Amino acid sequence: SPNDIADVVVNAILRKTRKREAYLLLGPSEISDKQVATLLSEQIGTNITYVEKQLDFFDNDTASLEMIKAAGFEKSSIESDTIRIIGREAESFAEYLKATDRMTRIE
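Just so we're clear, the structure is a prediction, and the values are computed from it rather than from any experiment. (Residues numbered from 1 in each chain as written. Predicted model: local features only at pLDDT ≥ 70, side-chain atom pairs only at ≥ 80, totals over all residues. Heavy atoms only, no water.)

Taking 1.5 Å of rise per residue, 13 residues should cover 18 Å, and helix H1 (residues 2–14) covers 18 Å from first to last C-alpha, within 8% of that figure. All of the buried residues along H1 are Asn-3, Asp-4, Val-8 and Asn-11. Buried residues of H1, viewed axially, fall in a sector of 135°; they line one side. Tucked into the core, H1 has its buried residues touching helix H4 (82–86) and helix H5 (93–98). (Helix = DSSP H or I, 4+ residues; strand = E, 2+ residues; numbered from the N terminus. Expected span 1.5 Å × (residues − 1). Buried < 20%, exposed > 50% of the residue type's maximum accessible area, 1.4 Å probe, protein only. Arc of directions from axis to C-beta. Contact = heavy atoms within 4.5 Å.)

Written out as structure tokens, the structure reads:
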């Protein structure tokens with residue numbers, strides 16, 4: 001979630017011991033674009049429909065990411081750095097939407 005990313009960034013800035021280190025940040029579970037639309041619909045009370053685009057709609061890099069997502073290889077056996085860096089599990093998208101106390105007016 002954006003909260004996780006913000007927490008990792010603050011941690012990286014304040015702990016100046018980690019220079020030029022890349023972090024892999026993943027949510028606690030995979031989530032499909034249709035699930036995102038459903039969760040957003042529930043949160044704001046307006047129906048949002050996910051419309052799948054053909055791969056030729058995207059640039060090459062984005063198309064490659066979409067193919068990885070479609071194949072279900074986003075997470076497989078990859079370990080996230082979230083716990084190691086911020087000391088807690090990653091926040092799910094549903095948890096993020098419910099945590100309105102951390103959101104700005106724009107969100």
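From this point, the narrative continues.
This part takes up the environment of Thr-38. Topologically, Thr-38 is positioned in helix H2 (residues 33–44). Assessed through its relative accessible area of 41%, Thr-38 is described here as partly exposed. As for Thr-38 and Ile-48, which are separated by 10 residues in sequence, their C-alpha atoms are 6.9 Å apart.

The next thing to look at is the pattern of salt bridges. Across all of its chains, the model carries three salt bridges by this definition. Ionic pairing is found between Asp-4 and Arg-88, a salt bridge with its closest N-O pair at 2.7 Å. Here Arg-88 lies in the loop between H4 and H5 and Asp-4 lies in helix H1, a separation of 84 residues in the sequence. The exposure class of Arg-88 is partly exposed, given its relative accessible area of 27%. (Salt bridge = Lys/Arg side-chain N within 4 Å of Asp/Glu carboxyl O.)

This next bit is on the side chain of Glu-91. Structurally, Glu-91 can be placed in the loop between H4 and H5. Residue classification places Glu-91 among the buried positions, given a relative accessible area of 13%. Setting aside residues no more than four positions away along its own chain, Glu-91 makes contact with Ser-1, Asn-3, Asp-4, Pro-28, Tyr-96 and Ala-99.

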